[in-house]
Each structure stands twice: as C-alpha cells, then as structure tokens.
Amino acid sequence: VLIMAELAGSYRVPKPDSALFFGQQAVKLAQQINFAKGEIRALAEIGRTQLDVGSLPKSLELQFRALQIAEDNHLPAETAMPLNYMGSIYFTLGNYSKAISYYRQSMVIDEANHKSGRLQKMNIGNAFEKMNQLDSALYYEEQAYEEMARAGNRINPIVFRNLGNIQAKLGNNRLAMEYYRKGLQVQGESGGRVTAIALNQIAKLYQKENQLDSSIYYAQKGL
C-alpha cells in the first residue's frame, strides 16, 4: 500500500493518470486489509493529483476524507499530509491567508512528530511572497533552504525559485537571477514544470532590464 502511494506521488506531475491508478489501487488494498495509515496517504496523493488536473472540489473532498479517517482511527500524525495539500488547494484559489493556516497546522504536526517541516515552510514563504509580505516570505524560505542543506539531500529547486521571486520583488535582480540559475542547476534545463517556470522568471528579469533578445530566448526555452 505504501509503495503504491509513493508511486502515486511520484507520477503526479509527469503522468497523472498513472498517479490516479496507483493511488486508487492503494486505497482499495488498504481498505481490504484495514490499513488506515496507508489509506490516508493514498487518498491525500489522489487528492493532490486532482488539484494538479484542475479538479479542486474533488481534491478538497478527498483531503477531508483522509482527515476524517485519521480522526476516526486516532492517527493525528497522519493529518500532516492532507493538511499540507489543503493549503495548496487554497493557494491555488488565491486565498493565501487560509493556505498559510493549513500549511502551519501541517508543519506543527510534523515537527511534533520529529519530522522536518521544511516543505511546509517553503510553501508558507511562497504564500507570503504572493501577499507581498516579503520579510516573512524571506524568513520562511531561508529556513526551508537551511533545513534542506543540513539534511544533506538534493535541495528542492522550488526553494530557489521562491527565493528568486522574493529578491526580484525587492529589486535585487542580480541575486534573483543567481537563485533562478541555482534552481536550474539542481533541476536541469530539461526538467519539467519547475524548470519551465524558472526559465520564464529569467525571461521576465531580462525583460525588466530591457535585454529583449535574452528575454525571448529564455521565454522560448521555457515554452
């Protein structure tokens, strides 16, 4: 069950149909063997995939269902994932304050269970940036980056994109460019959605500096 839930999460962006298939298989098996923890994770991953394909009401319904199963089975630690994904739903809707509320709830639960809340911190920083609360945005993104660096694993390229967005709003174009390029180094210029967004942000910076040939070049690469 847990392996299929992981597969659902891994296929979410490149192959959402496969993500839904593995997620549904995980839910079915979890129900057969009465494995609530696995069912919660699988439902959360299916719900996150539904968000990616634009079905927000279905996504929210699945996250609430996962939360209910966690409550019914006295598994408070398992609520962190659906709460984090609920934050992403409200972020997509542009309700950034509500997104931050759910991200924070998720972060507190993970940290109470000796897990890193760095992904939630990254998401909180992103939401604060969209609200133009740049000091708070920078605080959370830098915390997320430092925790990722201490963990010694591959740093999520999204944190570089978010830091670049903050610095661009602060008018620090050179530093913003450095962050976008670091994200590309981690992800690779043949990557997926994160790479496309980073390339487009670089194009915007060149446009701001009236270097239009470079702007067009990076925008075309992003496209």
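Scroll up to find the structure this text is about.
Residues numbered from 1 in each chain as written. Predicted model: local features only at pLDDT ≥ 70, side-chain atom pairs only at ≥ 80, totals over all residues. Heavy atoms only, no water.

With respect to the pattern of salt bridges
Oppositely charged side chains can form a pair if their charged atoms are brought close together. Scanning the model with the defined rule gives eight salt bridges in all. A salt bridge links Glu-78 to Arg-41, with the nearest nitrogen and oxygen atoms 3.4 Å apart. Here the residue Glu-78 occupies a position in the loop between helix H4 (56-72) and helix H5 (80-92), and Arg-41 occupies one in helix H3 (residues 36-52), the gap between them amounting to 37 residues. For Arg-41, a relative accessible area of 22% corresponds to the partly exposed category. Between Asp-52 and Arg-48 there is a salt bridge; the shortest N-O distance is 2.6 Å. Of this pair, Asp-52 and Arg-48 both sit in helix H3, four residues apart, which is roughly one turn of the helix. By relative accessible area, which is 15% here, Arg-48 ends up buried. (Salt bridge = Lys/Arg side-chain N within 4 Å of Asp/Glu carboxyl O. Helix = DSSP H or I, 4+ residues; strand = E, 2+ residues; numbered from the N terminus. Buried < 20%, exposed > 50% of the residue type's maximum accessible area, 1.4 Å probe, protein only.)

With respect to the packing of helix H2 (residues 16-32) against H3
Close contact between H2 and H3 brings their axes to 8 Å; oriented N to C, the two are set at 155°. Of the possible angle classes, the one that applies to H2 and H3 is roughly antiparallel. Considering the relative orientation of H2 and H3, their crossing is left-handed. Judged by residue contacts, Pro-16, Ala-19, Leu-20, Gly-23, Gln-24, Ala-26, Val-27, Ala-30 and Gln-31 of H2 engage Gly-38, Glu-39, Ala-42, Leu-43, Ile-46, Thr-49 and Gln-50 from H3. By residue class, the composition of the contact of H2 with H3 is nine nonpolar, six polar and one charged. (Axes fitted to C-alpha atoms, helices over the stretch in contact; angles between N-to-C directions. Parallel < 35°, antiparallel > 145°, perpendicular 65-115°, else oblique. Left-handed = near helix turned anticlockwise from the far one by under 90°. Contact = heavy atoms within 4.5 Å. Nonpolar A, V, L, I, M, F, W, Y, C, P; charged D, E, K, R; others polar.)

Concerning the packing of helix H10 (residues 173-187) against helix H11 (residues 193-208)
Helix-helix packing is characterised by the crossing angle of the two axes and by the distance between the axes. Relative orientation of the contacting elements H10 and H11 amounts to 155°, with a least axis distance of 10 Å. As judged from the angle between their axes, H10 and H11 are roughly antiparallel. Between H10 and H11 lies a crossing of left-handed hand. For the pair H10 and H11, the contacting residues are Asn-173, Ala-176, Met-177, Tyr-180, Arg-181, Leu-184 and Gln-187 in the first and Val-194, Thr-195, Ala-198, Leu-199, Gln-201, Ile-202, Leu-205, Tyr-206 and Lys-208 in the second. For the contact of H10 with H11, a count of residues per class yields 10 nonpolar, four polar and two charged.

A word on the nonpolar core
Counting 31 residues, the largest nonpolar core has Leu-83, Met-86, Ile-124, Phe-128, Met-148 and Val-159 as the members making the most contacts within it. Mapped onto this core, the elements with two or more residues apiece are H4, H5, helix H6 (96-112), helix H7 (118-130), helix H8 (134-151) and helix H9 (157-169). Dropping the residues within four chain positions of it, Met-86 is found in contact with Leu-60, Gln-63, Phe-64, Leu-67 and Tyr-102. Ranked by size, the runner-up nonpolar core spans 16 residues in total, among them Met-4, Val-27, Ala-30 and Ile-40. (Core = buried A, V, L, I, M, F, W, Y, C linked by side-chain atoms within 4.5 Å.)

Focus: H3
Here H3 is 17 residues long and its end C-alpha atoms lie 24 Å apart, about the 24 Å a rise of 1.5 Å per residue gives. In the segment just after H3, Gly-54 is the residue with positive phi, at about 95°. (Expected span 1.5 Å × (residues − 1).)

Quick look at the environment of Leu-205
Tracing the backbone through its elements, the reader meets Leu-205 in helix H11. On the basis of relative accessibility, which here comes to 2%, the residue Leu-205 falls in the buried class. Along the primary structure Leu-205 and Met-177 are separated by 28 residues, whereas in three dimensions their C-alpha atoms are 7.5 Å apart. Those residues in contact with Leu-205 that lie beyond four places of it in its chain are Ala-168, Asn-173, Ala-176, Met-177 and Tyr-180.

Side note on the packing of aromatic side chains
Aromatic ring pairs are described here by two measures, namely the spacing of the ring centres and the angle between the planes. Throughout the structure, instances matching the rule amount to nine aromatic pairs. Relative to Tyr-140, the ring of Phe-128 lies with its centre 5.9 Å away and its plane at 20°, an arrangement referred to as stacked. A residue pair is termed long-range when its members are at least 10 positions apart, and Phe-128 in helix H7 and Tyr-140 in helix H8 qualify at 12 residues. Ring plane angle 85° and centroid distance 5.1 Å describe the contact between Tyr-139 and Tyr-140, whose orientation is recorded as edge-to-face. Residue Tyr-139 is classed as partly exposed on the basis of its relative accessible area of 47%. (Phe/Tyr/Trp six-rings, centres within 6.5 Å; stacked < 30°, edge-to-face > 60°.)

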